[in-house]
Amino acid sequence: MKTNFNINNLVRENIKSLKPYSSARDEYKDATSDDMIFLDANENPFENGVNRYPDPQQNAVKDLLSKIKKVDKKNILLGNGSDEVLDLIFRAFCEPNKDNVITLPPTYGMYDVLAKINAIENRTVLLTENFQPKVEEILDKVDVNSMVLFLCSPNNPSGNSFSRKSVEKLLNRFNGLVVIDEAYIDFSEEKSWLERLEEFPNLIITQTLSKAYGLAGIRLGVCYASQEIINILNKIKPPYNVNELTQQRAVDRLQKVEEVQEEIIKIKGERNQLLEKLKQINFINTIYPTDCNFVLVKVDDATKRYNQLIEQGIVIRNRTTQPLCENCLRFTIGTQIENKRLISVLTAIQ
Ligand SMILES: *Cc1c(COP(=O)(O)O)cnc(C)c1O
């Protein structure tokens, strides 16, 4: 249990004193009663399914997530993709041109982009050769203006999960916020950090419906944190940041989690077969362990192989310019037919 942590020391002054915009639907929340007449929000009264503003608190989606993930609703905030959630974290806690965040390359590119957009210094500490966090070096980089540490686990693009011991040490010893980006957790053999949420008042977990849940097109990201942190983020989020169509499609999908589970099992099965077949490709020198729906491999010449695949109509990700990823390519796991085609092209270009 982490004690002596006070979130108020991290919130920007302008956010502390902010009185949030109050939307029409915030003021009258019980919008479900059928006998009410709504003349408050200047909407068009003719029903077409989306003529009303969406629920600003996305209660139907949160009820389902709360049940599936076994987290209290008051610990959940939803965003227009996890990218919006990450941006809200910057804007609530990082003072432009003063504060800094810490990230561990090679990792998800949005942390650095968001730092730049928000005029926040991004202090980087490379992962080890095995793509694990260097705990002592990270803590050495911390100063009084280090507000957020981003841990992507399982990590994109390497595919591995971070050691639980290292993550726990960082949660205990870093007194800023620790964001664990769990975009790929549903493919992982490791447990989510969600069950430890109550132990660490500085922990924020982000997840998404874009990967395992198969809903990248609707843009729905999820943030789990203490009620205090959620309240602060709620204060600054745009009132209707998750649109009605997104909420409806998310509810449909979350009511059928068995289908999601079946797809995850299929993808993991395909992943294991692909990993076996990749061993036969002689220009692949390393196949990195993966807890995700993608695999990183090191080849003889990444750019040459990337171009050869493009010529054959297969688009993959060339990660060769990323630190520790020289000559690395990232393959997403596709359908059985797509993966077979990938293997046959890789075999043909040897
Ligand atoms: C894909 C991905 C996301 C997802 O972002 P959304 O905005 O929710 O689609 C977040 N983090 C990582 C590491 C990812 O790879």
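Residues numbered from 1 in each chain as written. Predicted model: local features only at pLDDT ≥ 70, side-chain atom pairs only at ≥ 80, totals over all residues. Heavy atoms only, no water.

Draft legend 1. Looking closely at the state of the cysteines. Enumeration according to the criterion identifies zero disulfides in this entry. With no disulfide of its own, Cys152 has Cys292 as its nearest cysteine by sulfur position, at a separation of 7.6 Å. Its relative accessible area of 3% is what places Cys152 among the buried residues. (Disulfide = S-S within 2.5 Å. Buried < 20%, exposed > 50% of the residue type's maximum accessible area, 1.4 Å probe, protein only.)

Draft legend 2. Structural context of the site of the ligand. Taken together, 13 residues surround the ligand, and among them Ser82, Thr208, Ser210, Lys211 and Arg219 come closest. At a separation of 2.6 Å, an oxygen atom of the ligand approaches a polar side-chain atom of Ser82. One of the side-chain N or O atoms of Ser210 is found 2.7 Å from an oxygen atom in the ligand. By residue number, the principal contributor to the shell around the ligand is helix H4 (residues 81-93), which donates three residues. Class assignment for the residues of the shell around the ligand results in four nonpolar, five polar and four charged. (Near = heavy atom within 4 Å. Polar contact = N/O pair within 3.5 Å; in protein donor to acceptor, adjacent residues only side chain to side chain. Helix = DSSP H or I, 4+ residues; strand = E, 2+ residues; numbered from the N terminus. Nonpolar A, V, L, I, M, F, W, Y, C, P; charged D, E, K, R; others polar.)

Draft legend 3. Region of interest: the nonpolar core. In terms of nonpolar packing, the biggest core is built from 53 residues, with Leu104, Leu149, Leu151 and Tyr224 touching the most fellow members. If you count residues domain by domain, this core takes at least three from each of domain 1 (7-255) and domain 2 (258-348). Setting aside residues up to four positions removed in sequence, Tyr224 forms contacts with Leu65, Lys69, Val71, Asn75, Ile76, Leu194, Leu197, Leu203, Ile204, Ile205, Gln207 and Ile230. With 33 residues, the next largest nonpolar core counts Val101, Leu177, Ala225 and Ile230 among its residues. (Core = buried A, V, L, I, M, F, W, Y, C linked by side-chain atoms within 4.5 Å. Domains from an automatic or database assignment. Contact = heavy atoms within 4.5 Å.)

Draft legend 4. How the structure looks around the pattern of salt bridges. One pass over the structure, following the stated rule, counts 20 salt bridges. Put simply, Asp87 and Arg91 hold a salt bridge, and the shortest N to O gap is 3.2 Å. In this pair, Asp87 and Arg91 are both assigned in helix H4, four residues apart and thus about one turn of the helix distant. On the basis of relative accessibility, which here comes to 32%, the residue Arg91 falls in the partly exposed class. (Salt bridge = Lys/Arg side-chain N within 4 Å of Asp/Glu carboxyl O.)

Draft legend 5. Representation of the sheet that holds strand E1 (residues 76-79) in the model. Taken in spatial order, the seven strands line up as E1-E7-E6-E5-E4-E2-E3 in an open sheet, and their pairing is mixed. Edge positions in the sheet fall to E1 and strand E3 (121-124), since each has one partner strand and no second. With direction set aside, neighbouring strand axes in the sheet form an average angle of 25°. Sheet strands in contact with helix H3 (residues 59-69) are E1, strand E6 (203-208) and strand E7 (221-224), and its direction is about 125° off that of E1. Here helix H8 (residues 227-236) sits on the sheet and contacts E1, strand E5 (177-181), E6 and E7; the angle it forms with E1, its principal contact strand, is near 30°. (Pairing = 2+ DSSP bridges. Axes fitted to C-alpha atoms, helices over the stretch in contact; angles between N-to-C directions.)

Draft legend 6. Representation of the side chain of Glu84 in the model. Here Glu84 shows up in helix H4. Nearest to the buried, unbridged Glu84 among oppositely charged side chains is Arg91, at 5.6 Å. Discounting chain neighbours no more than four positions away, the residues touching Glu84 are Gly79, Pro238 and Asn241. (Lys, Arg positive; Asp, Glu negative; His and termini not counted.)

Draft legend 7. The packing of H4 against helix H5 (residues 110-117), seen in detail. The interhelical angle for the contact between H4 and H5, taken along N-to-C directions, is 45°, at an axis separation of 10 Å. By the angle class used here, H4 and H5 are oblique. When the axes of H4 and H5 are compared, the crossing they make is right-handed. Packed against H4, whose contacting residues are Asp83, Leu86, Asp87 and Phe90, the element H5 presents Met110, Tyr111, Leu114 and Ala115 at the interface. Its residues assigned to classes, the contact of H4 with H5 shows six nonpolar, no polar and two charged. (Parallel < 35°, antiparallel > 145°, perpendicular 65-115°, else oblique. Left-handed = near helix turned anticlockwise from the far one by under 90°.)

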